[in-house]
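Residues per chain are reported as follows:
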Amino acid sequence: VLLDVSHVPRETLLERLPRMYRQFLDLAMLDITSTPMEVAPTAHYSMGGVVVEPDTHLTDVEGLYAVGECASGLHGANRLGGNSLVEGVVFGRRVGAHAAAYVRDVEVALRDRAAIAAAEEEVDATLAGRGEEFARPLQRAVRDTMTEHCGVVRTEEGLAAGLARLDGIAARAGDLEVRPDIAGYADLVHAFDLRAMLLSARATIVAARERRETRGAHNRADFPLSDRDLRVNLILDGDLTVSRRPVGQASPAVAELVECAGELQVAGRLLE
Ligand SMILES: Cc1cc2nc3c(=O)[nH]c(=O)nc-3n(C[C@H](O)[C@H](O)[C@H](O)COP(=O)(O)OP(=O)(O)OC[C@H]3O[C@@H](n4cnc5c(N)ncnc54)[C@H](O)[C@@H]3O)c2cc1C
């Protein structure tokens, strides 16, 4: 879509959108005060992620923490503009402090030999791949699939078609050619990345199909309203079976903040 803001006085635009003005100038050599800019929806943030313990961000693997966009739960159904960087700063500090306190008391680090052997085997098997496919085009195919089938507006039909496309990509991913070369092991990294992408893409679509309602940034054209019964977190286990966990209550301090916030006055404001 072409967005024309040239009717807004130039001084107002420069005052309100200095970063956007600069970005378009730097990256596209476009002066948005006089020329329409092309805008399109894009992936911005993942609301799902690894389940963590709220205060420390400890996962269910002892000593392993997840923080930032890979962890889930902090923002509910929609991460508001700016909150992600705040999240990184606030929880990065908290997790760092907790992890430091944890290691102070650890005298012996036990390594699971079976897990290490399994990982080595996986690396060797992946390196031995001499198939017909390359990881990078398949990574692109996963991205395209998610953009087309699990983007801004979702439907049962589209999500099911997306899953079928992921099945096809996963089958092709079983026939990879992986060759480290003089430039390094990038091929191997892409092969592992592709596996992780396929898993998280599948988890995202499975959860989006299960959530037959519209909530926050999850917009189902076939279920346009929110469903009270779905005021839950959807938890996926290793084989992507879905279970529901009720959403916790806000602490009194947070509840009071929400209560006092009142209705946001949006006139004259730029909203993300
Ligand atoms: C276009 C766009 C605009 C945004 N604008 C805003 C904004 O204005 N305000 C705001 O608050 N948020 C914004 N966000 C969201 C915000 O930028 C991200 O949520 C935030 O940067 C996430 O930080 P993170 O440290 O959790 O993850 P990341 O910044 O993604 O860091 C993860 C790191 O892990 C590395 N990594 C990945 N896999 C591996 C591996 N296997 N081994 C080793 N390293 C690995 C990656 O290379 C990366 O460096 C925006 C996001 C996008 C895409």
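Parameters and conventions
- Counting of residues starts from 1 at the beginning of each chain's written sequence and follows it residue by residue.
- The model is predicted, so local features are restricted to residues of pLDDT at least 70 and side-chain atom pairs to those at 80 or more, both for listing and for counting; the totals for chains, interfaces and linings are taken over all residues.
- Heavy atoms from the whole structure form the basis of all side-chain values; hydrogens and water molecules are not counted.
- A run of H or I in DSSP becomes a helix once it reaches four residues, and a run of E becomes a strand once it reaches two; helices and strands are each numbered from the N terminus.
- We call a residue buried when its accessible area falls under 20% of the maximum for its residue type, exposed when it is over 50%, and partly exposed in between, using a 1.4 Å probe and counting protein chains only.
- Contact between two residues is taken to exist if any of their heavy atoms lie within 4.5 Å; hydrogens are not considered.
- We get accessible surface area from the Shrake-Rupley algorithm with a probe of 1.4 Å; when it comes to residues, only the shown protein chains can shield them.
- Only four residue types enter the tally: Lys and Arg on the positive side, Asp and Glu on the negative side, with His and both chain ends excluded.
- A charged residue contributes its charge at one atom only: NZ of Lys, CZ of Arg, CG of Asp or CD of Glu.
- In this scheme, strands are said to pair when DSSP sees at least two bridges between them.
- The patch calculation keeps residues exceeding 30% relative accessible area without a salt bridge and links them within 9 Å when they carry like charges or within 5 Å when they are nonpolar (Val, Leu, Ile, Met, Phe, Trp, Tyr).
- Whenever Lys or Arg places a side-chain nitrogen within 4 Å of a carboxyl oxygen from Asp or Glu, that contact is recorded as a salt bridge.
- Proximity is defined per residue: if any heavy atom of the residue lies within 4 Å of a molecule or strand, that residue is considered near it.
- In the analysis that follows, any N or O atom pair within 3.5 Å is treated as a polar contact, provided that within protein one partner can donate a hydrogen and the other can accept it, and provided that, for residues neighboring in sequence, both atoms belong to side chains.
- Three classes are used: nonpolar for Ala, Val, Leu, Ile, Met, Phe, Trp, Tyr, Cys and Pro, charged for Asp, Glu, Lys and Arg, and polar for all others, with Gly counted as polar.

**Topic: the overall build of the chain**
A count of helical and extended segments in the chain gives eight helices and six strands. In the chain, the succession of helices and strands from N to C terminus is β-α-α-β-α-α-α-β-α-α-β-β-β-α. Counting only C-alpha atoms and orienting by the principal axes, one finds that the chain spans roughly 65 × 50 × 40 Å. Within the span of the chain, comprising 272 residues, buried residues form 25% of the whole. Within the chain, contacts between residues separated by at least 24 positions form 57% of all contacts whose residues are at least 6 apart in sequence. On the chain, roughly 18900 Å² of surface is accessible, and the fraction owed to carbon and sulfur atoms is 57%. Of note, the chain has its 30 positive side-chain charges centred 3 Å away from the centre of its 42 negative side-chain charges.

**A short note on the pairing of strand β6 (residues 242–246)**
Two faces make up the sheet, and in a regular strand the side chains alternate between them. With five bridges joining them, strand β5 (residues 232–236) and β6 adopt antiparallel strand pairing. If you follow valine 232 over to β6, its bridge partner there is proline 246. Hairpin connection of β5 to β6: five residues between the antiparallel strands, including leucine 240 at a positive phi of 65 degrees.

**Overview of a nonpolar patch on the surface**
Taken together, Val1, Leu3 and Val39 make up a surface patch of nonpolar side chains, about 260 Å² in accessible area. Its place among the elements puts leucine 3 in strand β1 (residues 2–3).

**Topic: the environment of alanine 217**
With respect to the helices and strands, alanine 217 occurs in the loop between α7 (186–210) and β4 (219–220). With 170 residues separating them in the primary sequence, alanine 217 and methionine 47 have C-alpha atoms 8.8 Å apart. Other than its neighbours up to four places away in sequence, alanine 217 contacts Met47, Ala77, Asn78 and Val152.

**Remarks on the pattern of salt bridges**
Under the defined criterion, the tally for this structure stands at 15 salt bridges. For the salt bridge of glutamate 156 with arginine 220, the shortest nitrogen-to-oxygen distance reads 3.9 Å. Of this pair, glutamate 156 sits in helix α6 (residues 156–173) while arginine 220 sits in strand β4, and the two are 64 residues apart along the sequence. The closest approach of N and O atoms between aspartate 167 and arginine 202, which form a salt bridge, is 2.5 Å. Placement of aspartate 167 in helix α6 and of arginine 202 in helix α7 is noted, with a sequence separation of 35 residues between them. Arginine 202 sits in the partly exposed class, given a relative accessible area of 22%. Put simply, Glu156, Arg209, Arg220 and Asp222 are held in one network by salt bridges that share partners.

**Observations concerning unusual backbone geometry**
Look at histidine 57: it is not a glycine, yet its phi comes out positive at around 65 degrees. In this fold, histidine 57 is placed in the loop between β2 (37–38) and α3 (83–104). Judged by relative accessible area, histidine 57 falls into the buried class, the value being 4%.

**With respect to the site of the ligand**
Taken together, Arg19, Ala43, His44, Tyr45, Gly68, Glu69, Arg79, Gly82, Asn83, Ser84 and Leu85 make up the full set of residues adjacent to the ligand. The separation between a nitrogen atom of the ligand and a polar side-chain atom of histidine 44 is 3.4 Å. Side-chain polar atom of serine 84 to an oxygen atom of the ligand: 2.5 Å apart, as the coordinates give it. For the ligand, whose unbound accessible area comes to 1000 Å², protein coverage reaches 35%. Top contributing element to the shell around the ligand by residue count: α3, with three residues. In the shell around the ligand, the residues fall into three nonpolar, five polar and three charged.

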